[in-house]
Amino acid sequence: MNRLIIVGSPRVDGRSAALAEQLFEACVEDCPEDEVALAPVATLDIGGCQGCDLCREPDEDGAHRCVIEGDDMRELYALLDDADELVVVSPVYFAGPPAQLKALLDRLQPYFWSDARADAKRPAVLHVVGEGGDPHGFEPLVGIVRSALACAGFALLTVYDWVGKIDGDGQITAEADVRDAACEGQRRA
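On a predicted model such as this, the values are computed, not experimentally measured, just so you know. (Residues numbered from 1 in each chain as written. Predicted model: local features only at pLDDT ≥ 70, side-chain atom pairs only at ≥ 80, totals over all residues. Heavy atoms only, no water.)

> How should the pattern of salt bridges be read in this particular structure?
Oppositely charged side chains can form a pair if their charged atoms are brought close together. One pass over the structure, following the stated rule, counts eight salt bridges. Its salt-bridge partner being R3, residue D34 comes within 2.6 Å of it at the nearest N-O pair. Of this pair, D34 sits in the loop between helix 1 (15-30) and strand 2 (35-40) while R3 sits in strand 1 (residues 2-7), and the two are 31 residues apart along the sequence. D59 is the partner of R65 in a salt bridge, and the nearest nitrogen-oxygen pair spans 2.5 Å. Since its relative accessible area comes to 22%, D59 is described here as partly exposed. Counted as one network, the salt bridges with shared partners bring together R3, D34 and E85. (Salt bridge = Lys/Arg side-chain N within 4 Å of Asp/Glu carboxyl O. Helix = DSSP H or I, 4+ residues; strand = E, 2+ residues; numbered from the N terminus. Buried < 20%, exposed > 50% of the residue type's maximum accessible area, 1.4 Å probe, protein only.)

> Whenever I open this one, the packing of aromatic side chains confuses me. Can you help?
The description of an aromatic ring pair rests on the distance of the ring centres and on the angle between the ring planes. Evaluation of the coordinates by the stated rule reveals two aromatic pairs. With a centroid separation of 5.9 Å and an interplanar angle of 70°, the aromatic rings of Y77 and Y111 are classed as edge-to-face. On the criterion of sequence distance, the pair formed by Y77 in helix 2 (residues 73-82) and Y111 in helix 4 (residues 109-114) is long-range, its members being 34 residues apart. Looking at Y77, the relative accessible area reads 11%, which means it is buried. A relative accessible area of 10% means that Y111 is categorised as buried. (Phe/Tyr/Trp six-rings, centres within 6.5 Å; stacked < 30°, edge-to-face > 60°.)

> So what exactly am I meant to see when it comes to the side chain of R179 here?
Inspection of the secondary structure puts R179 in strand 6 (residues 177-180). Engagement of the side chain of R179 in a polar contact is seen with the side chain of E139, the distance being 2.6 Å. (Polar contact = N/O pair within 3.5 Å; in protein donor to acceptor, adjacent residues only side chain to side chain.)

> Mind showing me how you'd approach a negative patch on the surface here?
Together, E21, E25, E29 and D30 make up a negatively charged patch on the protein surface. The topology assignment puts E29 in helix 1. (Patch = residues over 30% accessible without salt bridge, like charges linked within 9 Å, V, L, I, M, F, W, Y side chains within 5 Å. Areas by Shrake-Rupley, 256 points an atom, 1.4 Å probe, with all protein chains shown as cover. Lys, Arg positive; Asp, Glu negative; His and termini not counted. Charge placed at Lys NZ, Arg CZ, Asp CG, Glu CD.)

> Quick question: what am I supposed to make of the environment of I5 here?
The residue I5 is located in strand 1 in this model. Between the alpha carbons of I5 and V36 there is a distance of 7.5 Å; along the sequence they are 31 residues apart. For I5, the contacting residues outside a window of four places in its chain are A20, L23, F24, V36, A37, L38, A39, V87 and V89. (Contact = heavy atoms within 4.5 Å.)

> Could you clarify how one ought to interpret unusual backbone geometry in this entry?
Phi is mostly negative for residues that are not glycine, and the peptide bonds are mostly trans. For F94, which is not a glycine, the phi torsion comes out positive at approximately 50°. Of note, F94 is situated in the loop between strand 3 (85-91) and helix 3 (99-106). A positive phi is found at A95, a non-glycine position, where the angle reads about 75°. Along the polypeptide, A95 turns up in the loop between strand 3 and helix 3. Here A95 falls in the buried class, since its relative accessible area comes to 6%.

> Explain the nonpolar core here, please?
A general tendency of soluble globular proteins is for nonpolar side chains to be buried together. With 35 residues, the main nonpolar core has I6, L80, L86, L108, L126 and L149 as its most contacted residues. Looking at this core, the elements with two or more residues in it are strand 1, helix 2, strand 3, helix 3, strand 4 (122-129), helix 5 (139-151) and strand 5 (154-161). Ignoring sequence-local partners within four residues, the contact set of L80 consists of L4, I6, L86, L108, Y111, R122 and F154. Judged by nonpolar contacts, the second largest core, of 13 residues, contains I5, C27, V125 and A176. (Core = buried A, V, L, I, M, F, W, Y, C linked by side-chain atoms within 4.5 Å.)

Printed below as a string of structure tokens:
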């Protein structure tokens with residue numbers, strides 16, 4: 001199995017990075033025969049979508065491709081295409097994703113035109129990390145991630161709520177609340 005862990009934080013050493021590293025190590029330990037890749041947006045050069053819609057038209061190979069060249073998105077497309085399972089670890093910024101993660105999600109537009117959203121979905125999970133205190137929650141983050149990943153052929157199945165449960169040093173202080181992503185607002189034991 002191929003797993004891809006996308007770290008959506010612009011910080012190399014923040015709470016999200018610490019959790020993603022723990023998830024990466026757990027994957028390596030628990031399933032040593034599997035492939036696992038870590039893709040932190042803090043170390044990737046990903047330009048924002050230009051809205052040019054040139055990815056709408058297939059190229060000579062029949063593929064829908066982003067015309068932006070020279071950044072790390074081409075490598076990420078290959079990792080996404082090979083992934084059997086996707087994990088996204090993201091801080092919540094004003095109820096949504098940080099700009100760097102949003103740029104990555106927006107660059108999934110070629111998948112929309114390729115109709116990958118109509119294919120059988122591969123599983124994805126979202127780990128939401130934050131200090132806490134935002135009265136508006138993080139439902140916009142969940143919706144944005146769900147929508148973008150669906151276009152790329154993934155189904156967001158589970159949301160792990162780590163908000164207020166990882167300290168500034170990256171230490172887990174409490175277990176995450178787990179939600180079925182298909183059942184907004186419902187908690188499960």
